[in-house]
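Secondary and tertiary structure notes
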Amino acid sequence: MAQAADPVSESSRLLAPDDVHVDRKIAVYVNVYDMAPDINKKTYWIGSGIFHSGIELLGHEYSYGGHPYDFTGVIVVKPHRAPQVKFRESILVGHTSLSVPQINSVILQLCAEWTGSSYNLLNRNCNHFSHVLAELLTGSGVPGWINRAAFLGSCVPCLLPRAWRQSPQPSEDMTGAPPTPPPGPLDMTWLCDELPDAHPIPQLDIGSSVAATASAGISDDSGSSSGGTTPPAPHLV
């Protein structure tokens, strides 16, 4: 069963300087999660599957998800604690010789570039983000099999539901100005508890609907949801 998110406090969303790391390189890991465990049991061994990923270093895990706003979609949680998915494995990507301030600068740069509204399941998802962040830190990207399903889907987009091909769309129920988040990566506490009612993201959706559709078979190209008035939640995949 998927674990609940373990929020990172607002004061620790970025890395804190630590003298112990001044003279040695910092290990960088990609943490991989199953989004569709039943499917992945069959496809993992042939180098594919439906996965979520995040980059871990110094006790923080950074990932990316979509939402209908123009502020960042970069999320920080405690390692191995991404919500609504099952942790599979942690893979050492490499080591970075960047200092903690330099690493924080990289993360802040990506926070500005990777907005929630620019998310795309096939071409700009959480695994693309993990690859970019890992490459900036270590010079090496994440293993290709982590995002192979999205690559294969991008080759035949016409066969996929419209909702999978679009960036997150605002709900008609959203009113007023969008919320203003704190600078830097978002934590789960702000996402789940501090957004006003007009712009709720009540639960971080990291692609469970995509996995469910894949498990049941693709049959709907309308892109419509199952009803209700809740605006779309972020989805990291």
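Structure: above.
Sequence order as written defines residue numbering, which begins from 1 separately in each chain. Per-residue local features of the predicted model are confined to residues with pLDDT of at least 70, and side-chain atom pairs are confined, for both listing and counting, to 80 or more; whole-chain, interface and lining totals are unaffected and use all residues. Side-chain figures throughout are based on the complete set of non-hydrogen atoms in the structure, without hydrogens or water.

**Regarding the overall build of the protein chain**
Under the DSSP-based scheme used, a helix requires at least four consecutive residues in state H or I and a strand at least two consecutive residues in state E, with every element numbered from the N terminus. Along the protein chain, the regular secondary structure elements total seven helices and six strands. Ordered by position from N to C terminus, the α and β elements of the protein chain give β-α-β-β-β-β-α-α-α-α-β-α-α. We call two residues contacting when some pair of their heavy atoms lies within 4.5 Å. Here the contacts in the protein chain between residues at least 6 apart in sequence split such that 78% fall between residues at least 24 apart. Accessible surface, the protein chain as shown: approximately 11300 Å² in total, 53% of it carbon and sulfur. Shrake-Rupley sampling with a 1.4 Å probe provides the accessible areas, and residues are treated as covered by the protein chains on show and by no other component.

**Some details on the pairing of strand 3 (residues 60–64)**
Categorising residues by exposure relies on relative accessible area from a 1.4 Å probe, with only protein chains included: less than 20% of the type maximum marks a residue as buried, more than 50% marks it as exposed, and the intermediate range marks it as partly exposed. Across the five residues that make up strand 3, a large majority, five, are buried. Because side chains alternate across strand 3, one face comprises the buried residues His 60, Tyr 62 and Tyr 64, and the other comprises Glu 61 and Ser 63, equally buried. In terms of strand pairing, strand 2 (residues 51–57) meets strand 3 through three bridges, oriented antiparallel. In the strand pairing of strand 3, Glu 56 is matched with Glu 61. When DSSP finds at least two bridges between two strands, those strands are taken to pair. Summarising the sheet, strand 3 and strand 4 (residues 74–77) pair through four bridges and their orientation is antiparallel. Pairing of Tyr 64 across the sheet is with Val 74, part of strand 4.

**Comments concerning the environment of Arg 148**
Mapped onto the secondary structure, Arg 148 falls in helix 4 (residues 148–155). A C-alpha to C-alpha distance of 7.4 Å links Arg 148 and Gly 49, two positions 99 residues apart in sequence. Residues within four places of Arg 148 in sequence aside, it is in contact with Gly 47 and Ser 48. Side-chain polar atoms of Arg 148 contact the backbone oxygen of Gly 47, separated by 2.6 Å. Definition of a polar contact: a pair of N or O atoms within 3.5 Å, with one able to donate and the other able to accept a hydrogen when the atoms are protein atoms, and with sequence-neighbouring residues admitted only if both atoms are side-chain atoms.

**Let's talk about the pattern of salt bridges**
When their charged atoms lie close together, side chains carrying opposite charge are able to pair. By salt bridge we mean one thing: a side-chain nitrogen of Lys or Arg within 4 Å of a carboxyl oxygen of Asp or Glu. The full count for this structure, using the stated rule, is one salt bridge. A salt bridge links Asp 34 to Arg 88; the nearest nitrogen and oxygen atoms lie 2.9 Å apart. Highlighted residues: Asp 34 in strand 1 (residues 26–34) and Arg 88 in strand 5 (residues 86–96), separated in sequence by 54 residues. Given the relative accessible area of 8%, Asp 34 is considered buried.

**Observations concerning the environment of Glu 135**
Structurally, Glu 135 is set in helix 3 (residues 126–138). By relative accessible area, Glu 135 is classed as partly exposed at 42%.

**As for the side chain of Asn 104**
Examined against the element boundaries, Asn 104 turns out to sit in helix 2 (residues 100–113). On the basis of relative accessibility, which here comes to 11%, the residue Asn 104 falls in the buried class. Beyond its immediate stretch of four places on either side in the chain, Asn 104 contacts Leu 14 and Leu 15.

**Re the sheet that holds strand 2**
What holds strands together in a sheet is hydrogen bonding between their backbones, with the strands either parallel or antiparallel. Taken together, the six strands give an open sheet; going across it, the order is 5-1-2-3-4-6, and neighbouring strands pair in mixed fashion. Because the sheet does not close on itself, it has two edges, and the strands there are strand 5 and strand 6 (186–187). Pairing between strand 4 and strand 6: two bridges, direction parallel. Paired with Ile 75 across the two strands is Leu 186, which belongs to strand 6. The strands touched by helix 3 are strand 1, strand 2, strand 3, strand 4 and strand 5; relative to strand 2, the strand with the most contacts, the crossing angle is about 25°. Angles shown run from 0 to 180 degrees and are taken between the N-to-C directions of axes, each axis being a line fitted to C-alpha atoms and, for helices, limited to the stretch in contact.

**Let's talk about the packing of aromatic side chains**
For this analysis, a ring pair means two rings from Phe, Tyr or Trp (six-membered ring only for Trp) whose centres lie within 6.5 Å, classed as stacked if their planes differ by under 30 degrees, edge-to-face if by over 60, and tilted for the remaining angles. Tallied over the full model, the rule gives 10 aromatic pairs. Plain terms: the ring middles of Phe 51 and Trp 145 are 5.2 Å apart, the flat faces sit at 80° to each other, and that makes the pair edge-to-face. Here Phe 51, found in strand 2, pairs with Trp 145, found in the loop between helix 3 and helix 4; they are 94 residues apart in sequence, far enough to count as distant. Both residues of the pair, Phe 51 and Trp 145, belong to the buried class. Ring centres of Trp 114 and Phe 129 lie 5.5 Å apart, and the angle between their planes is 80°; on these two criteria the pair is classed as edge-to-face. Note that Trp 114 is positioned in the loop between helix 2 and helix 3 and Phe 129 in helix 3, a separation of 15 residues in sequence. A residue is classified by how much of its surface remains accessible, and Phe 129, at 1% relative accessible area, is buried. Put simply, the rings of Tyr 44, Trp 45, Phe 51 and Trp 145 touch in pairs and so form one group of aromatic residues.

Functional significance is not addressed by these values, which are geometric in nature.
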